[in-house]
There are 2 protein chains.
Amino acid sequence: MNEMNKKQSADADKIAVKLKQGDRRALARAITLVESSRSDHRATAQALLNIILPDTGDSIRIGISGTPGVGKSTFIEAFGKLLTAAGHKVAVLTIDPSSQRSGGSILGDKTRMEELVRDPNAFIRPSPSGGSLGGVARRTREAMLLTEAAGFDVILIETVGVGQSETTVAEMVDVFLLLLAPAGGDELQGIKRGVMELADIVVINKADGDLKSAAARAAAEYKGAIGLMRPKSKNWKPKVLMVSALNKIGIDKLWETIGKYRAARGSDNELADQRRDQAVAWMWSELGDSLMARFRAHDVVAARIKQMEADVKAAQIAPTTAAEKLLEIFLEK
Amino acid sequence: MNEMNKKQSADADKIAVKLKQGDRRALARAITLVESSRSDHRATAQALLNIILPDTGDSIRIGISGTPGVGKSTFIEAFGKLLTAAGHKVAVLTIDPSSQRSGGSILGDKTRMEELVRDPNAFIRPSPSGGSLGGVARRTREAMLLTEAAGFDVILIETVGVGQSETTVAEMVDVFLLLLAPAGGDELQGIKRGVMELADIVVINKADGDLKSAAARAAAEYKGAIGLMRPKSKNWKPKVLMVSALNKIGIDKLWETIGKYRAARGSDNELADQRRDQAVAWMWSELGDSLMARFRAHDVVAARIKQMEADVKAAQIAPTTAAEKLLEIFLEK
């Protein structure tokens, strides 16, 4: 930040003013800045984030996870419309670290939420593409702060059930929803083991038509499964709800439950503490990523890495010794 | 290594000579050195590893994973005895990152393999205790190299099905066995989703007495499940075997299958390539861990961290900016 020039600082000031007025174009531009890898953009983005920091946090951050086929888009559309109708401003952000590989994320496809995308009180932003999950997560976290500064008071962060993305999302939200289809049998298949433990509210979607009784059975089973787990919070025992996103049934009850969740966990500052801990954890994960990026970018290290890797492959040097030698080079300069 | 004094170098030479003669006391002492966090011990350990490096690798490295209750100790005892009876020298190493928390690992309890522990051709070493999975894994990898230099030609690395330990073990072995009990129904419950994909050979234990038909059903189901997965190697399709560790049935067939696996994947150097890639990956993970350890140990950083964390908690500074500032301090010096 030391060398940040006046232009970048002035840019940040200008965007901040418009952002706080709720200007959507300024918001889109600000998010583009945090997603950029150009160093002048990064500098402007960092300046901007620190200006708007006091205007962030006045929202409920909701993580939504669910494997493909569970009806997530339909659910988010129904949920979002209910919220904007009640006067809320809703931002939908997405984390999908696979979006680069798959050549454009299905989650990033705005057309899947036809009504919400035209809603003036909703803002939908697809997953930042490319890079590691850590990089994608950082940009989504920063986008979240920007939407809050722009006056959005409900932030929905959705993720596809792949890799570690659920854990990453759980680490940046206030409440984590796990969206499930009415699965047959008592299997918890298709959901990775740790993910159920992350859920504050389990939502069984498609509780309509032929699937209604299957949904009820699934709900009973998940209630049983959750009953066996140790809750994350002493003030909240995870709930299981049934909804039909298609018929817009049960969505209001879900919002009510989220309200109860906030009340229960807000009472002794649990939620506020969680946010503070999340911010510190974010700083550390950022540190780890940046440190490794600097290491790889170091001239002498970069020049030596290939040979060192070859020596390790040929068992000419122990991997730990090779690591130590490279580290010495990096820290010497 | 630059400041390593003559005493440490001489120590390393002396231990190396005895180690290569297959001296068990030297092996135990060498492993204690790699497990130590004292810097002089570390220096001796690194010198030792580089001396013995040309004498390592002449073994088959077998990972064995299985949740508690599956009969892993009985299996390893039966497997180990079969191997030593056939003239092999067998080392059993364990990775259990929970061993510190639980106040001593059940896996580290030598009494659970009564026969094998008294076998002069077997060497059993409990999990290194304490620290992160990365730290535990590094010490186990180094112990593996030491046992190889001491002439052990079958290395069994067992892990309890917790956290990321299966992935870690899969990244350091030639072949990965997943040990399962004859589970009822078609559920894959209890096994984390990605773990089945890691398995080169699935072993259904307890195929004896009342459970024999359940084991056969389970084997058929797992065969079906594995048939749907994309194999890790183009030369090997994962196999499902039934054994009774208790009655020592099927263990010889398993060893035969491991032989076929080596032949199939050895033919076009797949296994050798895998080992080389594992060594490079190890160097990188070591780099990441060491870099962060150095960062935390830096005087000025250490003095600033608490205040910086407090500022981040109070939203006085954006987490990414805080990370950047600490990084500048660290790299400035």
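Residues numbered from 1 in each chain as written. Chains lettered and ligands numbered in written order. Predicted model: local features only at pLDDT ≥ 70, side-chain atom pairs only at ≥ 80, totals over all residues. Heavy atoms only, no water.

Per an unreviewed UniProt entry, chain A is named Methylmalonyl Co-A mutase-associated GTPase MeaB, and its organism is Sneathiella litorea. Quoted straight from UniProt, the Catalytic activity (unreviewed entry) entry for chain A says "GTP + H2O = GDP + phosphate + H(+)". (UniProt positions renumbered as here; feature names shortened; annotations may be inferred.)

### Overview of the domain arrangement of chain A
Along its sequence, chain A is organised into domain 1 (1-55), domain 2 (57-267) and domain 3 (282-331). If you average the C-alpha positions of domain 1 of chain A and of domain 3 of chain A, the two centres end up 33 Å apart. (Domains from an automatic or database assignment.)

### Side note on the environment of Ile157 of chain A
All names here are of chain A. Examined against the element boundaries, Ile157 turns out to sit in strand 4 (residues 154-160). For the pair formed by Ile157 and Asn247, sequence separation is 90 residues and the distance between their alpha carbons is 23 Å. The residues touching Ile157, leaving out its near neighbours within four places in the chain, are Ile62, Gly63, Ile64, Leu93, Ile95, Thr140, Met144, Val169, Met172 and Val173. (Helix = DSSP H or I, 4+ residues; strand = E, 2+ residues; numbered from the N terminus. Contact = heavy atoms within 4.5 Å.)

### So, the layout of surface pockets
Residues and elements named next belong to chain A. In this structure, the largest pocket occupies an estimated 1,200 Å³ of space. Contributing to the lining of the largest pocket are 45 residues, with Arg42, Arg138, Glu286, Asp289 and Ser290 lying nearest its centre. For the lining of the largest pocket, the element with the most residues is helix 11 (residues 270-297), which contributes 12 residues. Of the residues in the lining of the largest pocket, the class split is 13 nonpolar, 18 polar and 14 charged. (1 Å grid on protein atoms, 1.4 Å probe; cavity = no way out; pocket = protein on both sides within 12 Å on 5 of 7 lines; lining within 4 Å. Points joined across faces, edges and corners; volume = space filled by probe spheres on them. Nonpolar A, V, L, I, M, F, W, Y, C, P; charged D, E, K, R; others polar.)

### Quick notes on the sheet that holds strand 7 (residues 239-242) of chain B
All names here are of chain B. Overall, parallel pairing links the 7 strands, which are arranged 3-2-4-1-5-6-7 in an open sheet. Edge positions in the open sheet fall to strand 3 (122-125) and strand 7, since each of these has one partner strand only. Averaged over all neighbouring strand pairs, the angle between strand axes comes to 20°, with direction disregarded. Pairing geometry for strand 5 (residues 175-180) and strand 6 (residues 201-204), over 4 bridges, is parallel. Bridge assignment links Leu179 to a residue of strand 6, and that residue is Val203. The strands touched by helix 4 (residues 72-85) are strand 1 (60-66), strand 2 (90-95), strand 3, strand 4 (154-160), strand 5 and strand 6; relative to strand 4, the strand with the most contacts, the crossing angle is about 180°. (Pairing = 2+ DSSP bridges. Axes fitted to C-alpha atoms, helices over the stretch in contact; angles between N-to-C directions.)

### Some words on the sheet that holds strand 6 (residues 201-204) of chain A
Residues and elements named next belong to chain A. Spatially, 7 strands are ordered 3-2-4-1-5-6-7 in an open sheet, and the strand pairing comes out parallel. Strand pairing shows two members of the sheet lacking a second neighbour, strand 3 (122-125) and strand 7 (239-242), which therefore form its edges. Direction aside, the axes of adjacent strands within the sheet are offset by 20° on average. Of the strand pairs in this sheet, strand 1 (residues 60-66) and strand 4 are connected by 7 bridges, and their pairing is parallel. Looking at the pairing, Gly66 lines up with Val160 of strand 4. Sheet strands in contact with helix 10 (residues 251-266) are strand 1, strand 4, strand 5 (175-180), strand 6 and strand 7, and its direction is about 125° off that of strand 1.

### Structural notes on the pattern of salt bridges
For the structure on display, the rule yields 32 salt bridges over all chains. The salt bridge involving Lys234 of chain B is made with Asp268 of chain B; its shortest N-O contact spans 3.2 Å. Taken together, the residues Lys234 of chain B in the loop between helix 9 (212-227) and strand 7 and Asp268 of chain B in the loop between helix 10 (251-266) and helix 11 (270-297) connect sequence positions 34 residues apart. According to the relative accessible area criterion, Lys234 of chain B is exposed, its value standing at 68%. Each of Arg42, Arg138, Glu142 and Glu286 of chain A takes part in salt bridges that share partners, so that together they form one network. (Salt bridge = Lys/Arg side-chain N within 4 Å of Asp/Glu carboxyl O. Buried < 20%, exposed > 50% of the residue type's maximum accessible area, 1.4 Å probe, protein only.)

### Brief notes about helix 9 (residues 212-227) of chain A
Residue and element names in this part refer to chain A. Taking 1.5 Å of rise per residue, 16 residues should cover 22 Å, and helix 9 covers 23 Å from first to last C-alpha, within 8% of that figure. Looking only at helix 9, the buried set comprises Ala214, Ala215, Ala218, Ala219, Tyr222, Ala225 and Ile226. The buried residues of helix 9 all sit within an arc of 140° when viewed along its axis, so they share a single face. Turned more than 90 degrees off the buried face of helix 9, the exposed positions are Arg217 and Lys223. (Expected span 1.5 Å × (residues − 1). Arc of directions from axis to C-beta.)

### Overview of the interface of chain B and chain A
The interface of chain B with chain A comprises 52 residues on the first partner and 52 residues on the second. Of the roughly 4,900 Å² buried between chain B and chain A, counting both surfaces, carbon and sulfur atoms make up 69%. Here chain B is connected to chain A by 4 salt bridges. Between Asp277 of chain B and Lys313 of chain A there is a salt bridge; the shortest N-O distance is 3.8 Å. For the pair chain B and chain A, the number of links is 14 residue pairs in polar contact (both at pLDDT 80 or more). Listed by contribution, the elements that provide at least two residues to the side of chain B that touches chain A are helix 3 (39-52), helix 6 (133-149), helix 11, helix 12 (299-313) and helix 13 (319-332) of chain B. Examining the composition of the side of chain B that touches chain A, we find that 16 residues originate from one element, helix 11 of chain B, more than from any other. For the side of chain B that touches chain A, the per-class residue count stands at 26 nonpolar, 10 polar and 16 charged. (Buried area = accessible area lost by both parts, 1.4 Å probe. Polar contact = N/O pair within 3.5 Å; in protein donor to acceptor, adjacent residues only side chain to side chain.)

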